[in-house]
Amino acid sequence: MSFTSAAFFLFLPVVFALHWAVRRKTWQNLVLLVASYVFYGWWDWRFCWLMLASSLIDYTAGSGIERTSAPRRRQAILATAMSANLLLLGFFKYFNFFADSLVIACSSVGVDLSVPALTIILPVGISFYTFQTMSYTLDIYYGRFRPLRNLLDYLTFVSFFPHLVAGPIQRAITLLPQFHATRVFSLESAREGCRMMLWGLAKKMVVADNLGAIVNTAYAAADGASGAELALATVCFAFQIYCDFSAYSEIAAGIARLFGIQLMRNFAYPYFSETVTEFWRRWHISLTTWLRDYVYIPLGGSRAGRLRNARNLMCTALLSGLWHGAAWHFVAWGGLHGLYLTAERIVRTRGGQARFARRLEEIPGGEALLPGPKVALRMAWTFALVCAGWIFFRADSFHQALTICQRIAFGLIRPDFYPALAAQVRAHVAVLGCLAGFVVVEWTRRRRWTPLAAGTAPLVVRWATYTAMLWAILLFGTQRIADFIYFRF
Amino acid sequence: MKTFCLKVVAFLALQGMILALLGHPNLPGESNYLAATLDKHNRLEHTRPPRILLIGGSNLAFGIESDLLAQGLSRPVVNMGLIAGAGIPFMLNEVAGQVHRGDLVVCSFEYDLFAGGDYDLNLRQLLELRPRSFWFLPLSKWKRFLTDYGMQILGGDLRRMVLPDRIASGSVLTDFGYQRQGFDADGSYIGHYGSPANLAMVPANSPLLAKSPIPPMTPFVREKIARFAQLCHQRGARCLFTCPPQPPVLLAPILPVVRANLAELATIPHVRVLDQPTDETYPLTEFYDTRYHLTRVGILQRTRKLIAELRPLVSASEHGKFSNR
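Residues numbered from 1 in each chain as written. Chains lettered and ligands numbered in written order. Predicted model: local features only at pLDDT ≥ 70, side-chain atom pairs only at ≥ 80, totals over all residues. Heavy atoms only, no water.

Trainee: When you look at the interface of chain B and chain A in this model, what are you seeing that I'm missing?
Mentor: Where the parts come together, the accessible area they lose is often given as the size of the interface. Counting from both sides, the interface comprises 24 residues of chain B and, opposite them, 28 residues of chain A. Summed over the shared surface of chain B and chain A, the number is zero salt bridges. On inspection of chain B and its partner chain A, the count reaches eight residue pairs in polar contact (both at pLDDT 80 or more). Elements with a contribution of two residues or more to the side of chain B that touches chain A: helix H1 (2–22) and helix H7 (139–162) of chain B. Among the elements that line the side of chain B that touches chain A, the one with the most residues is H7 of chain B, at eleven residues. Among the residues forming the side of chain B that touches chain A, the class breakdown is 13 nonpolar, eight polar and three charged. (Contact = heavy atoms within 4.5 Å. Salt bridge = Lys/Arg side-chain N within 4 Å of Asp/Glu carboxyl O. Polar contact = N/O pair within 3.5 Å; in protein donor to acceptor, adjacent residues only side chain to side chain. Helix = DSSP H or I, 4+ residues; strand = E, 2+ residues; numbered from the N terminus. Nonpolar A, V, L, I, M, F, W, Y, C, P; charged D, E, K, R; others polar.)

Trainee: For this particular structure, what's the right way to read the pairing of strand E4 (residues 238–241) of chain B?
Mentor: When a strand is regular, its side chains alternate between the sheet's two faces. Residues and elements named next belong to chain B. By the alternation rule, side chains of E4 split into Arg 238 and Leu 240 and Cys 239 and Phe 241, which are all buried. Across three bridges, E4 lies against strand E5 (residues 271–273) in parallel orientation. Each bridged residue has a counterpart across the sheet, and for Phe 241 the counterpart in E5 is Val 273. (Buried < 20%, exposed > 50% of the residue type's maximum accessible area, 1.4 Å probe, protein only. Pairing = 2+ DSSP bridges.)

Trainee: Looking at this structure, how should I read the nonpolar core?
Mentor: Grouped burial of nonpolar side chains is what soluble globular proteins tend to show. Core analysis: the biggest nonpolar cluster contains 227 residues, and Phe 161, Tyr 271, Trp 390 and Tyr 486 of chain A together with Phe 109 of chain B have the highest contact counts within it. Listed in part, the 17 residues of the second largest apolar core include Leu 73, Val 77, Leu 274 and Val 314 of chain B. (Core = buried A, V, L, I, M, F, W, Y, C linked by side-chain atoms within 4.5 Å.)

Trainee: Honestly, the packing of helix H18 (residues 459–476) of chain A against H1 of chain B in this entry has me stumped. Any pointers?
Mentor: The description of two packed helices rests on the angle between their axes and on the distance between the axes. Here H18 of chain A crosses H1 of chain B at 60 degrees, and the two axes come no closer than 11 Å. Between H18 of chain A and H1 of chain B, the interaxial angle falls into the category oblique. Crossing geometry of H18 of chain A relative to H1 of chain B is assigned as right-handed. For the pair H18 of chain A and H1 of chain B, contact is made by Trp 463, Tyr 466, Thr 467, Leu 470 and Trp 471 of chain A and by Lys 7, Ala 10, Phe 11, Leu 14, Gln 15, Ile 18 and Leu 19 of chain B, respectively. In the contact of H18 of chain A with H1 of chain B, the residues fall into nine nonpolar, two polar and one charged. (Axes fitted to C-alpha atoms, helices over the stretch in contact; angles between N-to-C directions. Parallel < 35°, antiparallel > 145°, perpendicular 65-115°, else oblique. Left-handed = near helix turned anticlockwise from the far one by under 90°.)

Trainee: Please explain the domain arrangement of chain A as it appears in this structure.
Mentor: Residue and element names in this part refer to chain A. For chain A, the domain assignment lists domain 1 (6–184) and domain 2 (189–274 + 358–488). The C-alpha-based centres of domain 1 and domain 2 are spaced at 29 Å. Facing 28 residues of domain 1, the contacting portion of domain 2 comprises 19 residues. In this assembly, domain 1 packs against domain 2 so that about 1900 Å² is buried in total across both faces, 74% of it on carbon and sulfur atoms. For the domain 1 face of the interface with domain 2, the top three residues by lost area are Pro 162, Ala 166 and Pro 168, together amounting to 25%. One can count five residue pairs in polar contact (both at pLDDT 80 or more) joining domain 1 with domain 2. If you list the elements that add at least two residues to the side of domain 1 that touches domain 2, you get helix H1 (6–21) and helix H7 (172–180). Considering each element in turn, the side of domain 1 that touches domain 2 owes the most residues, seven residues, to H1. Considering only residue class, the side of domain 1 that touches domain 2 consists of 21 nonpolar, six polar and one charged. (Domains from an automatic or database assignment. Buried area = accessible area lost by both parts, 1.4 Å probe.)

Trainee: Teacher, can you tell me more about the side chain of Thr 295 of chain B here?
Mentor: All names here are of chain B. In this fold, Thr 295 is placed in the loop between E5 and helix H11 (296–318). Judged by its relative accessible area of 11%, Thr 295 falls in the buried class. In this structure Thr 295 touches His 192, Ala 197, Asn 198, Thr 285, Glu 286, Phe 287 and Tyr 288, once residues within four positions along its chain are discounted.

Below is the structure:
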């Protein structure tokens, strides 16, 4: 069930009413658990068994690790749980990718290998909940967290429907305690949740889905499209994926607040970053921090020498690419970002650049109402680098991505590129105007968690804003409703 | 909690008021062919029984002159025939709630519909024009429509009500080549009466004359018809079936399956089959633009045949002599 479907708008009030109609924590969790399995099973009820299996593997492993103090036995349990998780993920998501790659690699050295191609349906959100359950076991192993005895609380934590299929990937250490206590309704939290949902829906349905039409047209005919068309489509895709994915996270966080649950922040205005390093601090924060804590740091992080550090960065970035999709163009996307990060690390150690990579808590782009020329230039440069990466992410294949890069690169030096680009902009002036308005709103409201966060505006102004957004969604966001992009990961 | 709920209700009420103020129900002015569904339902709801209710696809819209039928039988006629793509379950559900004592319900389904098919696009179009018709969707479609199309249908409807025509894009409506205004008051299409076009003018290799096979009746469709016939029986109405028109050349290849389907139909309790497929064949010159759409000449012939078939039943019902078979 998607957040943008009519079914969901009927489902949510029912679950909300049931959840708050019961007072005890056990019943509240039971309502959420049943609702989450209904929500997930709406796609295909068979997926529920898989999620249950994944949950039980880590629940059992967590308890097993806790019960024993023998390091070897703890390691063995951890290794078994990780292998089981990765096998599930590997089979459903990567089997055909690795099988095809193996066949191609063998045929290139003259070995004719026959691997059966299986028709495997990718269960929605498998990457998200698998990583979440893995982090549960890992945290117990590292002694950061004690396992839960209450299976109901644990299953509710894994399956909690708002963040189930596209994150944010929550850590047990922050989310589980919230299921362990009786939740009390908070008016302010519920209001904030509604605002986040409204903003998220507007981003997804009005901005992302309308941009998607431009992107799909250009990328579907990439062989015949002009450089200008592809360049514009790539920029549009950069915003489409941002508005799509961050909207999901925001709606998820908003829904969670309706139930008295706080989810972590997943995006913090990433396109106002001045370096790629900063971009990754602000983009898909839950995955980035997951990879940092469970891959990058265990590999040695930045403590080892420059070469080892570069290797660690590259490994983490490649894994991030592979996590997104079982295809070489995703790996290339990860690799490209690995190169960016490594290059920035090298430049930084030579002095100078560190101050541009703002921390997450800092205001992106600085305090000033308008960015200075240097800040603006750095933001534009970072955005261009990120867009180059998006070509690999959006393309259907590695080969297509290279073709698109070539067309845009050669187009940029041709004199007819810019009039063609202007013509493209004119052709999509309504959607791009809406996008420009969105960027302005984000920039001016970038001090807040979400642009629609509560302010001091009078009630009339706030309600007028909410009304305008609701009507914009209903009138201009319902013409073409696409699935959230990250559902496929 | 109470405050929150009150605020949500107040906000939604505000939106309702805005819709009432800004929204102009411009549907009466909608000229799309399928918008005739509004007029047909209006007539269905406001015509007093006993009536002749015609249920089927466009073979009824383009196949019966309701005015002539009404005069011939001295009963009001409601011709619900509009588009075959709606499918049999939807068509039956549309009428089920409005069947009353004494009604003669005449079904005429396009032959390929017995396989249970329908087209989501046509259903979406009908729902965009008349959202209330959502309740007529078979249960098996609810999930998909709520998940995949619900918001689009709602959005399309609101755009039509609130926005000026020139920017109210994004509708799923398509141009059928016919107009809502082409229907008469009883629900029969007469907009093509002046046109000289007919299927005999179409090249022999045209897809319009393609001899496509049809599948047999599915248990699901049989069950739907059986339930509907039972309902008619319980309410003191009669459920009848008349064959749709076909050119002989196109009927011949599908005749064995059609006959088998009709034989199956005849076994359903409280359903009476009025005629045979070969009784409803007309020359190509009497077909307008498809194998189910008749020209005026064809329409008049078919209507007279139907009057002859129904007259004994009408007089029987007037004398309270309804029998099940």
